[in-house]
Amino acid sequence: MENFFGEPRRFPIALALRGSTFKHEQMRTDDNLPSFEIIKLLIDKGARGISKKKAFELLEKTKSNRKPEEYEKIKQYLQKKYPDDKPLKKPASN
């Protein structure tokens, strides 16, 4: 587990939010969804790789599979701690 949390990459936060795993090239959804504590730890450790908008989209997809109070805790924590999407850079005009 240390490597999983020690080297945040693109997949941990997306995987935790959507609760999906890949097995034999087929996606399985609705596996045991990671708890608020796991998602909080991933965010605190710097797991990013997806935009804030995408993080909320993935959370919304699992809303019906989560307890309402857990969903709200995750949503509030994402809003508060997940960095805002960076605006696209405008090309410099000469």
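What you see is a predicted model; the values in this text were computed from it and never measured. (Residues numbered from 1 in each chain as written. Predicted model: local features only at pLDDT ≥ 70, side-chain atom pairs only at ≥ 80, totals over all residues. Heavy atoms only, no water.)

Trainee: Tell me about the side chain of Thr-62, and please be specific about residues and values.
Mentor: Assignment of secondary structure puts Thr-62 in the loop between α4 (52-61) and α5 (68-81). Leave out the neighbours within four places in its chain, and Thr-62 touches Leu-17, Arg-18 and Leu-33. (Helix = DSSP H or I, 4+ residues; strand = E, 2+ residues; numbered from the N terminus. Contact = heavy atoms within 4.5 Å.)

Trainee: How would you sum up the pattern of salt bridges? Please name residues and give values.
Mentor: Counting across every chain of the model gives 2 salt bridges. Across the pair Asp-84 and Lys-52 runs a salt bridge, and its minimum N-O distance is 2.8 Å. Of this pair, Asp-84 sits in the segment after α5 while Lys-52 sits in helix α4, placing them 32 residues apart in sequence. (Salt bridge = Lys/Arg side-chain N within 4 Å of Asp/Glu carboxyl O.)

Trainee: Can you explain helix α3 (residues 36-44)? Please cite residues and give values.
Mentor: For α3, the complete set of buried residues consists of Phe-36, Ile-39, Leu-42 and Ile-43. All buried residues of α3 fall inside an arc of 130° around its axis, so they share one side. The positive-phi residue at the C-terminal boundary of α3 is Gly-46, with phi of around 95°. (Buried < 20%, exposed > 50% of the residue type's maximum accessible area, 1.4 Å probe, protein only. Arc of directions from axis to C-beta.)

Trainee: I'd love a proper account of the packing of aromatic side chains, names of residues and values included.
Mentor: Taken as a whole and assessed by the stated rule, the structure comprises 1 aromatic pair. With centroids separated by 5.6 Å and ring planes inclined at 90°, the aromatic side chains of Phe-36 and Tyr-77 adopt a geometry described as edge-to-face. Taken together, the residues span a long stretch of sequence, with Phe-36 in helix α3 and Tyr-77 in helix α5 at a distance of 41 residues. Neither Phe-36 nor Tyr-77 differs from the other in exposure class; each is buried. (Phe/Tyr/Trp six-rings, centres within 6.5 Å; stacked < 30°, edge-to-face > 60°.)

Trainee: Before we move on, can you summarise the nonpolar core with the specific residues and values?
Mentor: Ile-13, Leu-17, Ile-50 and Leu-78 are the most contacted members of the largest nonpolar core, which totals 19 residues. Breaking this core down by element, the ones donating at least two residues are α2 (10-18), α3, α4 and α5. Setting aside residues up to four positions removed in sequence, Leu-17 forms contacts with Ile-39, Ile-50, Ala-55, Leu-58, Leu-59, Thr-62, Arg-66, Ile-74 and Leu-78. (Core = buried A, V, L, I, M, F, W, Y, C linked by side-chain atoms within 4.5 Å.)

Trainee: Any chance you could break down the environment of Pro-34 for me, citing the residues and the numbers?
Mentor: Looking at where Pro-34 falls in the secondary structure, it is placed in the loop between β2 (26-28) and α3. For the pair Pro-34 and Arg-18, spaced 16 residues apart in sequence, the C-alpha to C-alpha distance is 8.9 Å. Here Pro-34 is in contact with Ala-16, Gly-19, Ile-39, Arg-66 and Glu-70, once residues within four sequence places are set aside.

Trainee: Which residues make up the environment of Tyr-77, and what are the values?
Mentor: Classification of Tyr-77 as buried rests on a relative accessible area of 12%. For the pair Tyr-77 and Ile-39, spaced 38 residues apart in sequence, the C-alpha to C-alpha distance is 9.1 Å. If sequence neighbours within four positions are ignored, Tyr-77 has contacts with Phe-36, Lys-40, Ile-43, Asp-44 and Tyr-82.

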